[in-house]
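Here is what each chain is made of, one letter per residue.
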Amino acid sequence: MKKGVVVFGSLILALAMCVPAVAQPSAKAVETIVIDNFDTPDDMEWTWNVQASRFVADGYPILRTFEGIPNSLRPYHKDSDPTAQVMGVKVSYNRKGDNWFEVYPKLNNPKDSKNDEIEFIGTVTQVDFWVWGANYNYNLELLIRDADGRVIILPAGTLMFQGWRNVVVNIPGYVRQHSRFRNGRPNLTFVGFRIRSNANEAVDNYVIYFDQLKYTTNTLSNIYDGYDLKDADFGESEDSGSSSTSNEK
């Protein structure tokens, strides 16, 4: 009897595996989107800025672009492309301690005064970029803002290495990427990078470079049937009520 049950169960499992793939629809479009490769800084919708903690030396930090590219990216750079550039920051402090500086984008024409950050598209699984380490005992952090408006700090590892390294930061599942409210924040936003020194590490003449900042995302994850009605204009004015009262007696 037990043998018959096993055979019958195996038959059901085999039939289930034969169900055509079309019976399992999937709204998925995984894409890799480049935020900035720093090759055409004058053509971007934002400019990059830097700010530092209180003990920064006079005249620092300094941010500018330089001609260059990680060796691993050279095969993908065509002769017809703009000159390859990277973004660099140099900083110096007057004393050791908990020193930090942040590299962040500022939109040239933000949608509103509260939204001065780069908006991700879809549901993001990871952010990756190339960073040049100077072998200092510093730590790198990625700053993003979730759908509730909170800045999330994601560790991106130590900068105690020399030269270029590709860094991949996974977006944890607990990060709320889309608001459940119609007037809420539609997507995550990129706030910037934070670099923090070890309390005992040297703090003079520090240099770091960034290149090829991009992210992987499912662009269809938050698109649903009727998505275009989400921001429909009902034509209401400031002094109008939430519903018509013309038929009330």
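These notes cover the structure that comes with them. Quantities reported herein were computed from a predicted structural model and do not represent experimental measurements.

Taken as a whole, the second largest pocket encloses approximately 250 Å³ of empty space. Around the second largest pocket, the lining comprises 15 residues; the ones closest to its centre are N37, D39, Y76, H77 and Q212. Tallying contributions element by element places strand β12 (residues 206-218) first for the lining of the second largest pocket, with three residues. The residue inventory of the lining of the second largest pocket, partitioned by class, reads five nonpolar, six polar and four charged.

The next subject is the environment of P172. If you trace the backbone, P172 turns up in the loop between β10 (162-170) and β11 (189-197). The partly exposed category is assigned to P172, whose relative accessible area is 22%. Between the C-alpha atoms of P172 and T125, which are 47 residues apart in sequence, the distance is 7.9 Å.

This part covers the side chain of E102. Residue position: E102 is located in strand β5 (residues 100-107). Classification of E102 by relative accessible area gives buried; the value is 12%. Within the structure, the side chain of E102 is placed 2.7 Å from the side chain of Q51, a separation counted as a polar contact. Engagement of the side chain of E102 in a polar contact is seen with the side chain of R194, the distance being 2.8 Å. In this structure E102 touches N49, V50, Q51, L143, F193 and R194, once residues within four positions along its chain are discounted.

Counting buried positions along strand β4 (residues 85-91) gives six out of seven residues, so the element sits mostly inside the fold. Here six bridges tie strand β3 (residues 62-67) to β4, and the two strands are oriented antiparallel to one another. Counterpart to R64 in the pairing with β4 is G88. The sheet contact formed by β4 and β12 spans five bridges and is antiparallel. When the sheet's bridge partners are listed, M87 is paired in β12 with F210.

Our next topic: the pattern of salt bridges. Where side chains of opposite charge bring their charged atoms close, a pairing between them can arise. With the rule as written, the count across this model stands at eight salt bridges. Of the charged contacts in the structure, one is a salt bridge between R194 and E102, with a shortest N-O distance of 2.8 Å. In this pair, R194 is assigned in strand β11 and E102 in strand β5, connecting sequence segments 92 residues apart. Taking relative accessible area as the criterion, R194 reaches 15% and is therefore assigned buried. The salt bridge involving D148 is made with R150; its shortest N-O contact spans 3.1 Å. R150 sits in the partly exposed class, given a relative accessible area of 48%. Through salt bridges that share partners, D146, D148, R150 and R176 make up one connected network.

Cut-offs applied
- Along each chain, residues carry numbers from 1 onward, in the same order as the chain's sequence is written.
- With the structure being a predicted model, the display of local features is reserved for residues of pLDDT at least 70 and the display and counting of side-chain atom pairs for 80 or more, all residues being used for whole-chain, interface and lining totals.
- The basis for the side-chain values is all heavy atoms of the structure; hydrogens and waters are excluded.
- Using only the protein atoms, space was sampled on a 1 Å grid; points where a 1.4 Å probe fits but cannot get out form cavities, open sets with protein on both sides within 12 Å along at least five of seven lines form pockets, and lining residues are those with an atom within 4 Å of a point.
- Grid points are joined across faces, edges and corners, and a volume is the space filled by probe spheres set on the points.
- Numbering goes from the N terminus for both helices and strands, where a helix is a DSSP run of H or I of at least four residues and a strand is a run of E of at least two.
- In the scheme used here, Gly and all other residues not listed as nonpolar or charged are polar, with Ala, Val, Leu, Ile, Met, Phe, Trp, Tyr, Cys and Pro taken as nonpolar and Asp, Glu, Lys and Arg as charged.
- The buried label goes to any residue with under 20% of its type's maximum accessible area, the exposed label to any with over 50%, and the partly exposed label to all in between, with areas taken from a 1.4 Å probe on protein chains only.
- Two N or O atoms form a polar contact when they lie within 3.5 Å of each other; inside protein one atom must be a possible hydrogen donor and the other a possible acceptor, and for residues adjacent in sequence the pair counts only when both atoms belong to side chains.
- Any two residues having at least one pair of non-hydrogen atoms within 4.5 Å are treated as being in contact.
- Pairing between strands is defined by DSSP: at least two bridges between them are needed.
- Only one rule defines a salt bridge in this text: a Lys or Arg side-chain nitrogen within 4 Å of an Asp or Glu carboxyl oxygen.

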